[in-house]
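What follows is the residue order along each chain.
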Amino acid sequence: QVQLVESGGGLVQAGDSLRLSCAASGRAFSRYSMGWFRQAPGKERSFVASIDRSGENTFYTDSVKGRFTISRDNAKNTLYLQMDRLKPEDTAIYFCAADPPTWDYWGPGTQVTVSS
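> When you look at the environment of Thr91 in this model, what are you seeing that I'm missing?
With respect to the helices, strands and loops of the structure, Thr91 is situated in the loop between β8 (78-83) and β9 (92-98). Spatially, the C-alpha atom of Thr91 lies 13 Å from that of Gly15, the residues being 76 residues apart in sequence. Beyond its immediate stretch of four places on either side in the chain, Thr91 contacts Ala40, Pro41, Gln111, Val112, Thr113 and Val114. Looking at Thr91, its side chain comes within polar contact range of the main-chain oxygen of Pro88, at 2.9 Å.

Shown next, in the form of structure tokens:
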């Protein structure tokens, strides 16, 4: 069991950067592979990036490769998503999640809005 809460969202202009954080409760964080998902207005939730338990392996959806970086600090029980060169199409609610492939644990989300 793990509880998750995201932070770091906001309103930015195209080309700007944001870093999202996901704080996990307890001492079990390092036992889970983690991921970021997003849901744009009127669209289904979609996968953004994932990272394994050690942080050695990462995976990204094609639309964010080269712009976003997922990382984790197991000592701080925190997952990060560094987002650079943001585009209006990145506008969405961003969620962190734990434990693929079922992704049983989710945070409430944080809003990212990118204006043109």
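Picking up after the structure, the text goes on.
> Looking at this structure, how should I read the sheet that holds strand β1 (residues 4-7)?
As a general point, the strands of a sheet are linked pairwise by backbone hydrogen bonds and lie either parallel or antiparallel. Taken in spatial order, the 4 strands of this open sheet run β1-β3-β8-β7, and their pairing is antiparallel. Looking at which strands have only one partner, the edges of the open sheet turn out to be β1 and β7 (68-73). Ignoring strand direction, the axes of neighbouring strands in this sheet form an average angle of 15°. Inspection of the sheet shows β7 paired to β8 by 6 bridges, in the antiparallel sense. Following the sheet pairing, Thr69 is matched in β8 by Gln82.

> What is the right way to read unusual backbone geometry from this model?
A negative phi angle characterises most non-glycine residues, just as the trans form characterises most peptide bonds. With an omega of 0°, the peptide bond running from Pro100 to Pro101 counts as cis. Mapped onto the fold, Pro101 is located in the loop between β9 and β10 (105-106). Here Trp103, not a glycine, exhibits a phi torsion of approximately 45°, which is positive. Relative to the helices and strands, Trp103 resides in the loop between β9 and β10.

> What exactly am I supposed to notice about the side chain of Ser50 here?
When you line up the elements, Ser50 lands in strand β5 (residues 46-51). Those residues in contact with Ser50 that lie beyond four places of it in its chain are Met34, Gly35, Asn57, Thr58, Phe59, Ile70 and Trp103.

> Help me understand the nonpolar core in this model?
As a rule of thumb, soluble globular proteins bury nonpolar side chains together. Leu4, Met34, Trp36, Leu79, Leu81, Met83 and Tyr94 are the most contacted members of the largest nonpolar core, which has 31 residues in total. Sorting the residues of this core by element identifies β3 (18-24), β4 (34-39), β5, β7, β8, β9 and β11 (110-115) as the ones contributing at least two each. If we ignore the near neighbours within four places in the chain, the residues touching Met34 are Leu4, Cys22, Phe29, Ala49, Ser50, Ile51, Ile70, Arg72, Leu79, Ala97, Ala98 and Trp103.

> Can you help me understand the pairing of β11 in this one?
Looking down a regular strand, the side chains alternate between one sheet face and the other. Burial along β11 is one-sided: Thr110, Val112 and Val114 are buried, while Gln111, Thr113 and Ser115, pointing the other way, are not. Pairing of strand β2 (residues 10-13) with β11 involves 4 bridges; the strand directions are parallel. In the sheet register, Leu11 faces β11, and the bridge partner there is Thr113. Relative to β11, β9 runs antiparallel, the two sharing 3 bridges. Residue pairing for β11: Ile93 is matched across the bridge by Gln111.

> What is the right way to look at the packing of aromatic side chains in this model?
The geometry of an aromatic ring pair comes down to the distance between the two centres and the angle between the two planes. For the structure shown, the criterion picks out 6 aromatic pairs. Centroid distance Tyr32 to Tyr105: 5.7 Å. Interplanar angle 70°. Geometry classified as edge-to-face. Pair noted here: Tyr32 is in the loop between β3 and β4 and Tyr105 is in strand β10, with a separation of 73 residues, a long-range link. Between Phe95 and Trp106 the ring centres are 6.4 Å apart and the planes differ by 80°, which places this aromatic pair in the edge-to-face class.

The rules behind each value
Along each chain, numbering runs from 1 in the same order as the chain's sequence is written. It should be noted that, the model being predicted, local features are given only for residues of pLDDT at least 70 and side-chain atom pairs only at 80 or more, the latter also being counted only at that level, while totals for whole chains, interfaces and linings use all residues. Water and hydrogen atoms play no part in the side-chain values, which are based on all heavy atoms of the structure. By definition, any uninterrupted DSSP run of H or I lasting at least four residues is a helix, any uninterrupted run of E lasting at least two residues is a strand, and each is numbered from the N terminus. We call two residues contacting when some pair of their heavy atoms lies within 4.5 Å. Under the rule applied, a polar contact is a pair of N or O atoms within 3.5 Å (in protein, one hydrogen donor and one hydrogen acceptor; residues adjacent in sequence only if both atoms are side-chain atoms). Paired strands are those between which DSSP finds at least two bridges. Note on geometry: axes are lines fitted to C-alpha atoms, helical ones only across the stretch in contact, with angles between N-to-C directions running from 0 to 180 degrees. Here, nonpolar core means buried Ala, Val, Leu, Ile, Met, Phe, Trp, Tyr and Cys residues that are tied together by side-chain atoms lying within 4.5 Å of each other. A simple rule labels every residue: compare its accessible area, found with a 1.4 Å probe on the protein chains alone, to the largest value its type can have, and call it buried under 20%, exposed over 50%, or partly exposed in between. Here a pair means two rings of Phe, Tyr or Trp (six-membered ring of Trp) with centres within 6.5 Å. Their orientation is stacked below 30 degrees between planes, edge-to-face above 60, and tilted elsewhere.

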